[in-house]
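The primary structure of each chain is shown beneath.
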Amino acid sequence: MKIWFDGSLCDPADARVSVFDHGLTVGDGVFETLKTTDGRPFALTRHLARLTASARGIGLPEPDLDEVRAACTAVLDANPAPLGRLRITCTGGLAPLNSDRGDGGPTLLVALTEVPRRPDSTAVVTVPWTRNERGALAGIKSTSYAENVVALARAREQGASEALFANTAGRLCEGTGSNVFVVLDGELHTPPLASGCLAGITRALVLEWFGAKETDLPFDVLEHAEEVFLTSSTRDVQAVHTLDGRRLPAAPGPVTAEAMRVFDGHAATVPDP
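Cut-offs used in this document
- Position numbers for residues count from 1 along each chain, tracking the sequence in the order it is written.
- Predicted model: local features are reported for residues with pLDDT of at least 70 only, side-chain atom pairs are reported and counted for 80 or more only, and whole-chain, interface and lining totals are derived from all residues.
- Side-chain measures were taken over the full set of non-hydrogen atoms in the model, leaving aside hydrogen atoms and water.
- The cut-offs for exposure are 20% and 50% of the maximum accessible area for each residue type, with area from a 1.4 Å probe on protein chains only; residues under the lower value are buried, those over the upper are exposed, and the others partly exposed.
- A run of H or I in DSSP counts as a helix once it spans at least four residues, and a run of E counts as a strand once it spans at least two, with each numbered from the N terminus.
- Two strands are said to pair when DSSP picks up at least two bridges between them.
- Angles here are taken between N-to-C directions and fall from 0 to 180 degrees, while the axes themselves are lines fitted to C-alpha atoms, restricted in helices to the stretch in contact.
- Angles below 35 degrees are treated as roughly parallel, those above 145 as roughly antiparallel, those between 65 and 115 as roughly perpendicular, and all remaining angles as oblique.
- Contact criterion: two residues are considered in contact whenever any of their non-hydrogen atoms come within 4.5 Å of each other.
- We call Asp, Glu, Lys and Arg charged. Ala, Val, Leu, Ile, Met, Phe, Trp, Tyr, Cys and Pro are nonpolar, and the rest, Gly among them, are polar.
- A patch is a set of surface residues, each over 30% in relative accessible area and not in a salt bridge, joined within 9 Å for like charges and within 5 Å for the nonpolar side chains Val, Leu, Ile, Met, Phe, Trp and Tyr.
- Computed with a 1.4 Å probe, the accessible areas rest on the Shrake-Rupley method; for each residue, only the protein chains presented here act as cover.
- Salt bridges, as used here, are contacts in which a Lys or Arg side-chain nitrogen is within 4 Å of a carboxyl oxygen on Asp or Glu.

Looking at this structure, I do not really get the pairing of strand S5 (residues 83-91). What am I missing?
On a regular strand, each side chain points to the face opposite its neighbour's, so the side chains alternate between the two faces of the sheet. Burial runs high along S5: seven of the nine residues are buried. The pairing of strand S3 (residues 29-37) with S5 spans nine bridges and is classified as antiparallel. Directly across from Gly29, in S5, lies its bridge partner Thr91. Here S5 pairs with strand S6 (residues 107-114) via eight bridges, running antiparallel. Residue pairing for S6: Cys90 is matched across the bridge by Leu108.

Please explain the packing of helix H5 (residues 201-209) against helix H6 (residues 254-269) as it appears in this structure.
For any two helices packed against each other, the geometry comes down to the angle between their axes and how far apart the axes lie. Closest axis-to-axis distance for the H5/H6 pair is 10 Å, and the angle between their directions is 105°. Judged on the interaxial angle alone, H6 and H5 are roughly perpendicular. Listed contacts from H6 to Thr202, Leu205, Val206 and Trp209 of H5 are Val262, Phe263, His266 and Ala267. For the contact of H5 with H6, a count of residues per class yields six nonpolar, two polar and no charged.

Any chance you could explain the pairing of S3 here in plain terms?
Counting buried positions along S3 yields eight of nine residues, so the element is predominantly enclosed. In the sheet, S3 pairs with strand S4 (residues 40-41) via two bridges, with the strands oriented antiparallel. Bridging across to S4, Thr36 finds its partner in Pro41. Linkage of S3 to S4, two consecutive antiparallel strands, is achieved through a turn of two residues, within which Asp38 is found at a positive phi near 50°.

Sorry, what's going on with unusual backbone geometry here?
Both trends apply: most residues other than glycine have a negative phi, and most peptide bonds are in trans. Cis peptide bonds are those with omega within 30 degrees of zero, and the linkage from Ala251 to Pro252 qualifies with 5°. Mapping Pro252 onto the fold places it in the loop between strand S15 (246-247) and H6. We note that Ala250 has phi near 55°; this positive angle belongs to a residue other than glycine. Residue classification places Ala250 among the exposed residues on the basis of a relative accessible area of 64%.

So what exactly am I meant to see when it comes to a nonpolar patch on the surface here?
A surface patch of nonpolar side chains, amounting to about 540 Å² of accessible area, comprises Val19, Phe20, Leu24, Leu94 and Leu97. Its location among the elements puts Leu94 in the loop between S5 and S6.

How do you make sense of the pattern of salt bridges when you look at a structure like this?
Pairing is possible between side chains that carry opposite charge, provided their charged atoms lie close to one another. Counted by the stated rule, this structure contains 14 salt bridges. For the salt bridge of Arg117 with Asp120, the shortest nitrogen-to-oxygen distance reads 3.1 Å. Look at Arg117 and you get exposed, because its relative accessible area is 56%. The partner of Arg171 in a salt bridge is Asp216, and the shortest N-O contact between them spans 3.2 Å. Here the residue Arg171 occupies a position in the loop between strand S8 (162-167) and strand S9 (172-175), and Asp216 occupies one in the loop between strand S12 (213-214) and strand S13 (227-232), the gap between them amounting to 45 residues. A relative accessible area of 25% means that Arg171 is categorised as partly exposed. According to the relative accessible area criterion, Asp216 is partly exposed, its value standing at 47%. Linked through salt bridges whose partners overlap, the residues forming this network are Arg117, Arg118 and Asp120.

Honestly, it's all geometry; don't read function into it.
Rendered as structure tokens:
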């Protein structure tokens, strides 16, 4: 395996991030995760736009997108994989051992891991912790990810692959690494960005290609939703068959199955929508 580390390809064992890197010491960084198929990244332009917006949102220098594209191409060429997860990480670079930033410039890392195709359906749980829809990191894909680590560990303990959060107002928000859609009376809904959820790339494409209402929903809507599905760059559209132990009938249900079909059809023909 080869990764991109600050300007060139190298072996992972030779990549040395300083113990004073702000991404390590305080989680000061942003990242993107893309699906790749046979060496081709999906929706790269949208992911790079969000990477730039996230960097701007926390006050990091905007990444050199020409360099990031070159790094992605080099990593993909060096690591052939039928299905992969491409991770782009930009950190604050060398800095003092506190919250102040240094002036040495950011660190850029790009790496790829091969992944299996995800199942068509999965189990999820809800967790008691909340997203802060008014926090400084709301809607930003930050490397400050410990909240998600804790919630996902709770989900794994219960045999699930994802955990769903409410926000501080008790409204449905998102998963640790996914957006959530629900079917109510045959209509498809997803929380609005004002809920504090991430502006997911797959979420946006489902809205464009298939359609759904962006609706401020109470968290307990999950208790009576007819269908639930998740979206993310590596899940695409994935049905939920069990939610907090409650079986959802015939997952994927008819709305979810059609959303999966439409998404897969467009994605197969438009690699960089």
